[in-house]
Amino acid sequence: MEFENVSVVITGGGSGIGSATTRAFLAAGARVAFTYATSVDEARAIELEYNRNGRRALAIKADATDPAEVERAFAQAQEAFGPVEVLFANAGGLLKRSRLTETPLSLWQEAFAVNVTSAMLACQAALRVMEPRRKGSIILMSSLAALNGGGNGASHYAAAKGAIATLTLSLAKEVGPLGIRVNAVAPGLIATRFHDIFSTPEGRQAGVTRTPLRREGQPEDVADVVLSLASERSRFITGEVVKITGGQELA
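Sequence order as written defines the numbering, with residues in each chain counted from 1. This being a predicted model, a pLDDT of at least 70 is required before a residue's local features are given, and a value of 80 or more before pairs of side-chain atoms are given or counted; all residues contribute to the totals for chains, interfaces and linings. Excluded from the side-chain calculations are hydrogens and water; all other atoms, namely the structure's heavy atoms, are used.

**Q** Give me the overall build of the chain: which residues, what numbers.
**A** Of regular secondary structure, the chain possesses 9 helices and 7 strands. As defined in this context, the radius of gyration uses C-alpha atoms, and a globule is described by 2.2 Å times the residue total to the power 0.38. Computed over C-alpha atoms, the radius of gyration of the chain comes to 17 Å, within 12% of the 18 Å expected from 2.2 N^0.38 for 251 residues, which places it in the range of a compact globule. Across its three principal axes, the chain shows a C-alpha extent of roughly 45 × 35 × 35 Å. A 1.4 Å probe rolled over the protein chains alone gives each residue an accessible area, and that area as a share of the maximum for its type sets the label: buried under 20%, exposed over 50%, partly exposed in between. Residues counted as buried form 52% of the 251 residues belonging to the chain. In what follows, residue pairs with any heavy atoms lying within 4.5 Å of each other are defined as contacts. Counted over contacts in the chain with a minimum sequence separation of 6, partners at least 24 positions apart contribute 74%. Looking at the chain, you have 26 positive and 25 negative side-chain charges, and the mean spots of the two groups are 3 Å apart. Here a strand is any run of E in DSSP of at least two residues, a helix any run of H or I of at least four, and the numbering for each starts at the N terminus. A positive count includes Lys and Arg, and a negative count includes Asp and Glu. His and the chain ends are not counted in either. A charge is said to be at NZ when it belongs to Lys, at CZ for Arg, at CG for Asp and at CD for Glu.

This is the structure:
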């Protein structure tokens, strides 16, 4: 029960990597408020399952790109579980594949809104609580795409996730003197709905073939790293973007 009674906020915590991380924190004893946009059934299932078993979970429907809704979500989280101590800013997505020459400005702006602005707003809300208390851990969601440019038609997504990697570095320097750590995770090929929608079976198999560990990652592989970065075991680690790729980038 490493996170017994620790207050955690996760954005985009109702499905995929977010869901796995929500469940992992709850299993480790945390009190978890998590936002979701469309994953209503999954979010409610998590809430019901863990509250029935004596854990504390709060699902909050919110638009992670809307400042007012983010503030409302954090207020609800704090009212339920006290001051946030850990933030996992996980909300984001590819939206659609599009060659840069065919990418409308609206898609570019939406990619940065759902991936970068959402993280910035969550960090602002969390830091308003963490800074006066001079403690806290923030984990942002980057991607292997930030490091290798991503797959075909993903330049808008890769650029946004690159911005997250840079934000991790700058924010770690800014709030480190206040006792707050900031890190990011950069997953590669993870078996989630993301790749069910945006990748072909042939493309996924090619990714596995290029991966030294010869498999797709599982959401739990990412969740375990997020929990480690949030824990006291990583108390002297900040400003890192941790690759969770099975070595895929080595090919």
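**Q** Provide a residue-level description of the packing of helix H1 (residues 16-27) against helix H9 (residues 219-230), including the pertinent values.
**A** Following both chains from N to C, one finds H1 and H9 inclined at 50 degrees, their axes separated by 8 Å at the closest point. By the angle between their axes, H1 is oblique relative to H9. Taken as a pair, H1 and H9 cross one another with a handedness that is right-handed. Here Gly-16, Ile-17, Ala-20, Thr-21, Ala-24 and Phe-25 of H1 lie close against H9, whose contacting residues are Pro-219, Glu-220, Val-222, Ala-223, Val-226, Leu-227 and Ala-230. Throughout, an axis means a line fitted to C-alpha atoms (over the contacting stretch in the case of helices), and angles, computed between N-to-C directions, take values from 0 to 180 degrees. The scheme is simple: roughly parallel for angles under 35 degrees, roughly antiparallel for over 145, roughly perpendicular for 65 to 115, oblique for anything else. For any helix crossing, the convention is left-handed if the near helix is rotated counterclockwise from the far helix by under a right angle, and right-handed if that rotation is clockwise.

**Q** Provide a residue-level description of the nonpolar core, including the pertinent values.
**A** Counting 33 residues, the largest nonpolar core has Phe-74, Leu-87, Met-130, Ile-138 and Leu-140 as its most contacted members. For this core, the secondary structure elements donating two or more residues are strand E3 (56-61), helix H3 (67-81), strand E4 (86-89), helix H4 (105-133), strand E5 (136-141), helix H6 (155-175) and strand E6 (180-187). Broken down by element, this core gets its largest block of residues, 10 residues, from H4. Met-130 has contacts with Val-84, Glu-85, Val-86, Leu-87, Lys-135, Gly-136, Ser-137, Ile-138 and Ile-180, leaving out every residue within four places of it along the chain. The nonpolar core is taken to be a set of buried Ala, Val, Leu, Ile, Met, Phe, Trp, Tyr and Cys residues, with the residues joined through side-chain atoms within 4.5 Å. By size, the runner-up hydrophobic cluster in this structure holds 32 residues, among which are Phe-3, Val-6, Ile-10 and Ile-190.

**Q** So, helix H2 (residues 40-52): which residues are in play, and what are the values?
**A** By this rule, a helix spans an expected 1.5 Å times one less than how many residues it contains. In this model H2 runs 18 Å from its N-terminal to its C-terminal C-alpha over 13 residues, within 8% of the 18 Å that 1.5 Å per residue would give. Listed as buried for H2 are Ala-43, Ile-46, Glu-47 and Tyr-50. Along the axis of H2, the buried residues cluster in a sector spanning 95 degrees; they form a single face. Looking at H2, the residues exposed on the side facing more than 90 degrees away from the buried face are Asp-41, Leu-48 and Arg-52. Here the arc refers to the set of directions running from the helix axis out to each C-beta atom.

**Q** I'd like a description of unusual backbone geometry, backed by residues and values.
**A** For Leu-95, which is not glycine, the phi torsion reads 75 degrees and is therefore positive. Along the chain, Leu-95 falls in the loop between E4 and H4. Residue classification places Leu-95 among the partly exposed residues on the basis of a relative accessible area of 32%.

**Q** Can you explain the side chain of Ser-137? Please cite residues and give values.
**A** If you trace the backbone, Ser-137 turns up in strand E5. What makes Ser-137 buried here is its relative accessible area of 3%. Look past the residues within four positions of Ser-137 in its chain and what remains in contact with it is Glu-85, Val-86, Leu-87, Met-130, Arg-181, Leu-229 and Ala-230.

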